[in-house]
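Architecture and fold: a report
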Amino acid sequence: CFFFFKQKTAYEIYQCDWSSDVCSSDLALLEVKRPGLAVLHLKEAVNWLDAPPEWYVDLGLAHLRVGDNKSAAIACQKAINGNPKLALAHLNLGVAYLRMKSQTLAEEQWLTCLKLDPRVKFAYMNLIKLYARQKEHRKLQEMILRLRRFDASSKIRKKSPSTR
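Residues numbered from 1 in each chain as written. Predicted model: local features only at pLDDT ≥ 70, side-chain atom pairs only at ≥ 80, totals over all residues. Heavy atoms only, no water.

Comments concerning the pattern of salt bridges
Heads up, the rule is: The term salt bridge refers to a pairing of a side-chain nitrogen on Lys or Arg with a carboxyl oxygen on Asp or Glu at a separation within 4 Å. Strands are runs of DSSP state E lasting at least two residues, helices are runs of H or I lasting at least four, and both sets are numbered from the N terminus onward. Residue burial is assigned from relative accessible area. The probe radius is 1.4 Å, only protein chains are included, and a residue is buried under 20% of its type maximum, exposed over 50%, and partly exposed in between.
Per the stated rule, a full pass over the model turns up 4 salt bridges. In this structure, Glu 107 engages Lys 139 in a salt bridge whose closest nitrogen and oxygen atoms are separated by 3.3 Å. On the criterion of sequence distance, the pair formed by Glu 107 in helix α7 (residues 103–116) and Lys 139 in helix α9 (residues 137–159) is long-range, its members being 32 residues apart. For Glu 107, a relative accessible area of 13% puts it in the buried group. For Arg 138, the salt bridge identified is with Glu 142, shortest N-O distance 3.5 Å. With a gap of 4 residues between them, Arg 138 and Glu 142 both fall in helix α9, about one helical turn apart. Taking relative accessible area as the criterion, Arg 138 reaches 58% and is therefore assigned exposed. Note on Glu 142: relative accessible area 38%, which makes it partly exposed.

Structure representation (structure tokens):
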């Protein structure tokens, strides 16, 4: 199982209402095993409104949840076309590519994700699993070391007092 990540829902971003039940309905549909309905709602939202790129990340995630990898890749690519710095779009696009049997493209997307945001642990985990399956021992060791260095540096940051 490869990991993908969920951002705020399209409604939450559009309404700027992080606590509303209506705005988190898509997330609720994904969580209660009704991702098909979430896909339908998100498709309506991105088609009806002038959707920002982040909404396509949500749509891509919903497509991944229902196993529609081609549609997930299209949605994530739209997000990236709108904002190439969306690390989570690259993460989810990598998962779609892997499920479509394109390991090289998946690896490229996960490495891009880490370049944009080295805090995305799922990208490290996906690359570690990929390299283990491919028996790429050098790449595997390198990625494990990168993850350990990241973990160590984040623990140091948490322990140090904040400076203002």
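Digging into the nonpolar core
In globular proteins that are soluble, nonpolar side chains generally tend to be buried together. As a reminder of what qualifies: Here, nonpolar core refers to any group of buried Ala, Val, Leu, Ile, Met, Phe, Trp, Tyr and Cys residues whose side-chain atoms link them within 4.5 Å.
Judged by nonpolar contacts, the single largest core of 37 residues is most densely connected at Leu 91, Trp 110, Val 120, Ala 123 and Met 143. When residues of this core are traced back to their parent elements, those giving at least two are α4 (53–66), α5 (69–82), α6 (87–99), α7, α8 (121–134) and α9. Here the element with the most residues in this core is α6; it accounts for 9 residues.

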